[in-house]
Amino acid sequence: MTLPDSARVEPEQAVPTTVDELAPLYRQMLAIRRMEEAAAKAYSQGKIGGFLHLIIGQEAVCVGSIAALKPDDYVVATYREHGHAYAKGIAARPIMAELYGKKTGLVKGLGGSMHLFDKPTNFLGGHGIVGGHVPLAAGAAFASKYRNDGRVTVCYFGDGAATIGGFAEGLSLSALWKLPIVLICENNQYSMGTPLYRSLAVEDVSLRALAHGMARDRFDGDDVIRVKRRIAEAVDRARVTGEPTLVEIVTYRFRGHSMSDPGLYRTKEEVEEWRRRDPLNRARLRLLEVGMAEAAIEALEADVKAEIEDSVKFAEDSAPADAYAPYVMKGAH
Ligand SMILES: Cc1ncc(C[n+]2csc(CCOP(=O)(O)OP(=O)(O)O)c2C)c(N)n1
Ligand SMILES: [Mg+2]
């Protein structure tokens, strides 16, 4: 089948890179893919409860963009955020234990999949309300401007969030107050089962920047190095001039919206077409092209396998979270 024009933004061209640059990014993407697969398995075995939204297929977006940040920069994400948390530097063990609802989880097993949060790495969530976190991200960026701390905030949201009031407000304030923020729309073509053309009159989300005199960019999200380069431009703009950018990255989730969605609103052919552009396979081929030996790639892959298996064992061996932990009660006052 042929993909709609809106699905491919640029001609397929590999961006120049080196083994030293690409190998760690491939490793992160692979770890995220394996972590998500392990979570899906545990979910279907009834070991993980609540909602579980996987990022499989979209890994190059979080990995490439976070690679363009400094460790101190803020990241604000949606409920599809396990990969963003990992790319920001949070280990697989506390992420997996959080999904399992265990005491050793990132937020002590009380948040679950949608509410990862980590002060030490400046990972500011995990947010379940579509679009509601965009003004919060603008607030973090405002704090940086006010304190003159040199940090940049990156806020991720889906194409579905582009129809939400919170997004419009966050965008407007970012432009008005010239905040050091990069707003990244992860356009995976669907909000739950609703395709883009049924929710947006103008499918190019990045055009909304024009109404605010804001810089914008739009590109394909299947090459992790392209994502890193283009986001680095927006991050530099934020850090140097203090100005925001709205970036739309065109991508695709290979699985349903959440674990309870069999994804019947898409054809097999459509999914297959996107799988051929899998960012992970693409990065692996590119690694061989730029000179990494097959054996070295396999060693890296074995290392990732061990890391994720260890995180599952850690989660399974940990004690369940307390239903009414004392710090929750304290926090309520
Ligand atoms: C304000 C609000 N409305 C509806 C929902 C239910 N809901 C959860 S995810 C989702 C789809 C959002 O799609 P998109 O923004 O494209 O993100 P994606 O899931 O594709 O990453 C909806 C409607 C919600 N969580 N919050
Ligand atoms: Mg979407």
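These figures come from a predicted structure and were not determined experimentally. (Residues numbered from 1 in each chain as written. Chains lettered and ligands numbered in written order. Predicted model: local features only at pLDDT ≥ 70, side-chain atom pairs only at ≥ 80, totals over all residues.)

**Q** Can you break down the confidence of the model for the protein residue by residue, with the values?
**A** Residues with a pLDDT of 70 or more make up 94% of the protein, whose mean pLDDT is 94. Confidence drops under a pLDDT of 50 for residues 327-333, and excluding neighbours within four residues, the segment shows two contacts in the predicted structure. (pLDDT = per-residue confidence, 0-100. Contact = placed C-beta atoms within 7 Å.)

**Q** Let's hear about the site of ligand 1: which residues, and what values?
**A** Residues in contact with ligand 1 amount to 15 residues; listed here are only the nearest, V130, G158, D159, G160 and S191. By residue class, the composition of the shell around ligand 1 is five nonpolar, seven polar and three charged. (Near = placed C-beta within 6 Å. Nonpolar A, V, L, I, M, F, W, Y, C, P; charged D, E, K, R; others polar.)

**Q** Tell me about the packing of helix 1 (residues 19-44) against helix 11 (residues 294-317), and name the residues and values.
**A** Two numbers describe how helix 1 lies on helix 11: the axes approach to 9 Å, and their chain directions differ by 40°. Considering the relative orientation of helix 1 and helix 11, their crossing is right-handed. Side by side, helix 1 and helix 11 meet where A23, R27, L30, A31, R34, M35, A38 and A42 of the first sit next to L300, E301, V304, K305, E307, I308, S311 and V312 of the second. (Axes fitted to C-alpha atoms, helices over the stretch in contact; angles between N-to-C directions. Helix = DSSP H or I, 4+ residues; strand = E, 2+ residues; numbered from the N terminus. Left-handed = near helix turned anticlockwise from the far one by under 90°.)

**Q** Hey, could you go over the sheet that holds strand 3 (residues 181-187) for me, with residue numbers and the actual values?
**A** The strand order across the open sheet built from five strands is 1-2-3-7-6, with neighbouring strands paired in parallel fashion. Looking at strand neighbours, the two that pair on one side only are strand 1 (74-76) and strand 6 (215-220), the edges of this open sheet. Put simply, the sheet's adjacent strands are angled 15° from each other on average, direction ignored. With six bridges connecting them, strand 3 and strand 7 (residues 245-250) associate as parallel partners. In the sheet register, I184 faces strand 7, and the bridge partner there is V247. Seen against the sheet, helix 8 (residues 224-241) touches strand 3, strand 6 and strand 7 and runs at an angle of roughly 170° to strand 7. (Pairing = 2+ DSSP bridges.)

**Q** Describe the packing of helix 4 (residues 92-99) against helix 11, listing the residues and the values that go with them.
**A** As a packed pair, helix 4 and helix 11 sit with axes 8 Å apart at the nearest point and diverge in direction by 45°. In terms of orientation, helix 4 lies oblique with respect to helix 11. Where helix 4 crosses over helix 11, the two elements pack in a sense that is right-handed. Residues A92, R93, M96 and A97 of helix 4 form the contact with helix 11, whose participating residues are E307, I308, S311, V312, F314 and A315. Looking at the contact of helix 4 with helix 11 residue by residue, the classes come out as seven nonpolar, one polar and two charged. (Parallel < 35°, antiparallel > 145°, perpendicular 65-115°, else oblique.)

**Q** Kindly report on the pairing of strand 6, identifying the contributing residues and their values.
**A** Inspection of the sheet shows strand 6 paired to strand 7 by six bridges, in the parallel sense. In the sheet register, D217 faces strand 7, and the bridge partner there is V247. Crossover handedness for the path strand 6 to helix 8 to strand 7: right-handed. (Right-handed = clockwise from strand over helix to strand, strands pointing away.)

**Q** Give me helix 11: which residues, what numbers.
**A** Taking 1.5 Å per residue as the helical rise, helix 11 with its 24 residues ought to reach 34 Å, and the 35 Å between its terminal C-alpha atoms agrees with that figure. If you check which residues of helix 11 are buried, you get V304, I308, S311, V312 and A315. For helix 11, the secondary structure elements touched by its buried residues are helix 1 and helix 4. (Expected span 1.5 Å × (residues − 1). Buried ≥ 20, exposed ≤ 12 C-beta atoms within 10 Å, placed from the backbone.)

**Q** Tell me about unusual backbone geometry, and please be specific about residues and values.
**A** In this structure, N122 is a non-glycine residue whose phi angle is positive, near 60°. Residue placement: N122 occurs in the loop between helix 4 and helix 5 (134-147). With 19 C-beta atoms counted inside 10 Å, the residue N122 sits in the partly exposed group. Non-glycine residue M192 carries a positive phi angle of around 50°. Residue position: M192 is located in the loop between strand 4 (190-191) and strand 5 (194-195). On the basis of neighbour counts, which here come to 13 C-beta atoms within 10 Å, the residue M192 falls in the partly exposed class.

**Q** So what's going on with the nonpolar core? Which residues, and what values?
**A** In this structure, I95, C155 and V182 are the most contacted members of the largest nonpolar core, which totals 81 residues. The leading source of residues in this core is helix 1, at ten residues. In contact with V182, not counting residues within four places along its chain, are V152, V154, I231, A234, V235, A238, T245 and V247. (Core = buried A, V, L, I, M, F, W, Y, C linked by C-beta atoms within 7 Å.)

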